[in-house]
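Residue-level structural notes
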Amino acid sequence: MNKMKRITVLTGAGISAESGIPTFRDSGGLWEGYDINRVATPEAWEQDPELVLDFYNKRRDGVRKAHPNKAHDALVELEENYDVTIITQNIDDLHERAGSSKVVHLHGEIMKARSCVDENLLYDLGEKDIQLGEKCEHGSQLRPHVVWFGEAVPMIETAAAIISTADIVMVTGTSMVVYPAAGLINLAPAGSVKFLIDPKVPEISYIANLEIIQAKATEGVPKVVRKLLES
Ligand code: OAD
C-alpha cells in the first residue's frame, strides 16, 4: 500500500483576507489602526484588560461573520491523497470550519477563552464573548486564548516536529516576519518541494526547491492543490 505523502501548509492572515478578515501588515491592515502595545501584550492586559477584551471581542465578531473561502476549501480536498497538516498563525477557525482535520494554531484560537492561572484550562466560547469579571473555575479572570507579543509560543515544538518530516511544504498568506513562526520553513527537509503563494512575495526566495506563485490565496492555492492531486 502506498504511504501518503506528508504535506505541511504554513498559513497566515492572507489566507483569510478574502473571507473579510484583515491582515496585519498590508496597507489598511489591523496593526495600522491599533497600537500593539495597548492591545496585544501581557503589559496591556495588566494595564487595561477591558480594552484588550474589547479588542478581541470585536475580532471574534468579525470571525463569526466570515466564511471559509476557496483556499481553505482546497486544502480540505488535498486530504483525499495526502497526509495534510496545517500550521497556522491565524487565530480564526476558518480551516476547521472548512473541514481540515489537522490544524495546529501557533498563536492560539480566538473562539476559546483561557484561565489566567492554568494555561491548559480552555473554554469554547460558542456565541459568547469574554467580559471583565468572568472567571474560570479557579476564580481567575478569563482571557482570550491567544499568544501575545512577548509570550512563549507553546505549539512551536509540535510544529517544528511536523514540518521537519514533510515531503511537500506550502506557504501562503504570511509575511514571514514574526518569529518563531517564520523560522519553521528552515526546518523543512532539504529535499522537500515547496510552494509559496502570495500576491506580494515575502523574503524567503532564498529557500531551495521553492516554486513561487504570485497570486491571491483563492487563485493560487486551488491551482497548486489541483496540480498535486493530478500528479
Ligand atoms: P501579515 O499581515 O504580516 O502578512 C500577510 C501576508 O498575506 C502578506 O505576505 C500579504 O502579501 C499576504 N496576503 C495579502 N492578501 C492575500 C491574499 N488574498 N492571499 C494570499 N496572501 C495574501 O500576516 P501574518 O504573517 O499572518 O501575531 O502575521 C503574523 C503574525 O503577526 C500574526 O499571527 C499576528 C501578527 O502580529 C500575533 O498577534 C501574535
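Everything numeric in this text was worked out from a predicted model, so none of it was measured.

1. Examining the site of the ligand
Taken together, 22 residues form the shell around the ligand, and within it Phe-24, Arg-25, Trp-31, Ser-175 and Asp-198 come nearest. Between an oxygen atom of the ligand and a main-chain N or O atom of Ala-13, the distance comes to 2.8 Å. Taken together, the residues of the shell around the ligand sort by class into 8 nonpolar, 8 polar and 6 charged.

2. Remarks on the packing of aromatic side chains
Within the structure shown, the criterion is met by 2 aromatic pairs. On the basis of an interplanar angle of 40° and a centroid distance of 5.6 Å, the ring pair of Trp-45 and Trp-148 is categorised as tilted. Taken together, the residues Trp-45 in helix α4 (residues 42-47) and Trp-148 in the loop between β6 (142-146) and α8 (156-163) connect sequence positions 103 residues apart. For Trp-45, a relative accessible area of 14% gives the class buried. Overall, Trp-148 belongs to the buried group, its relative accessible area being 2%. On the numbers, 4.9 Å between centres and 85° between planes, the contact of Phe-55 with Tyr-56 is edge-to-face. Just as Phe-55 is buried, Tyr-56 falls in that class too. Above the face of the Phe-55 ring, Arg-59 is positioned so that its terminal group lies 4.6 Å from the ring centre. The cationic tip of Arg-143 hangs over the ring face of Trp-148; the distance from NZ or CZ to the ring centre is 3.7 Å.

3. Examining the sheet that holds strand β1 (residues 5-11)
Read from one edge of the open sheet, 6 strands run β3-β2-β1-β7-β8-β9, paired in parallel fashion. In the strand order of this sheet, the two ends are held by β3 (103-105) and β9 (210-213), each with one partner. Neighbouring strand axes in the sheet, compared pairwise and without regard to direction, differ in orientation by 15° on average. Inspection of the sheet shows strand β8 (residues 193-197) paired to β9 by 4 bridges, in the parallel sense.

Rules and cut-offs
- Along each chain, the written sequence defines residue order, and numbers are assigned to residues from 1.
- Residue-level local features of this predicted model are given only where pLDDT is at least 70; pairs of side-chain atoms are given and counted only at 80 or more, and the full residue set underlies all totals for whole chains, interfaces and linings.
- Calculation of side-chain values draws on the structure's entire complement of heavy atoms; hydrogens and water are dropped beforehand.
- When at least one non-hydrogen atom of a residue lies within 4 Å of a molecule or strand, that residue is treated as near it.
- Think of a polar contact as two N or O atoms within 3.5 Å of one another; within protein, one of them needs to be a possible hydrogen donor and the other a possible acceptor, and neighboring residues in sequence only count if both atoms come from side chains.
- Just so you know the grouping, Ala, Val, Leu, Ile, Met, Phe, Trp, Tyr, Cys and Pro go in nonpolar, Asp, Glu, Lys and Arg go in charged, and all remaining residues, Gly too, go in polar.
- Stacked, tilted and edge-to-face are the three classes applied to pairs of Phe, Tyr and Trp rings, where Trp contributes its six-membered ring and a pair requires centres within 6.5 Å; stacked means planes under 30 degrees apart, edge-to-face means over 60, and tilted covers the rest.
- In this text, helices come from DSSP runs of H or I with a minimum length of four residues, and strands from runs of E with a minimum of two, each type numbered from the N-terminal end.
- The rule is simple: take the accessible area with a 1.4 Å probe, protein chains only, and divide by the maximum for that residue type; under 20% is buried, over 50% is exposed, in between is partly exposed.
- A ring is considered to have a charge above it if a Lys NZ or an Arg CZ atom is located within 6 Å of its centre and within 35 degrees of its normal.
- Here, a strand pair is defined by DSSP locating no fewer than two bridges between the strands.
- In this analysis, axes come from line fits to C-alpha atoms, helices being fitted only over the stretch in contact, and the angle between any two N-to-C directions falls in the range 0 to 180 degrees.

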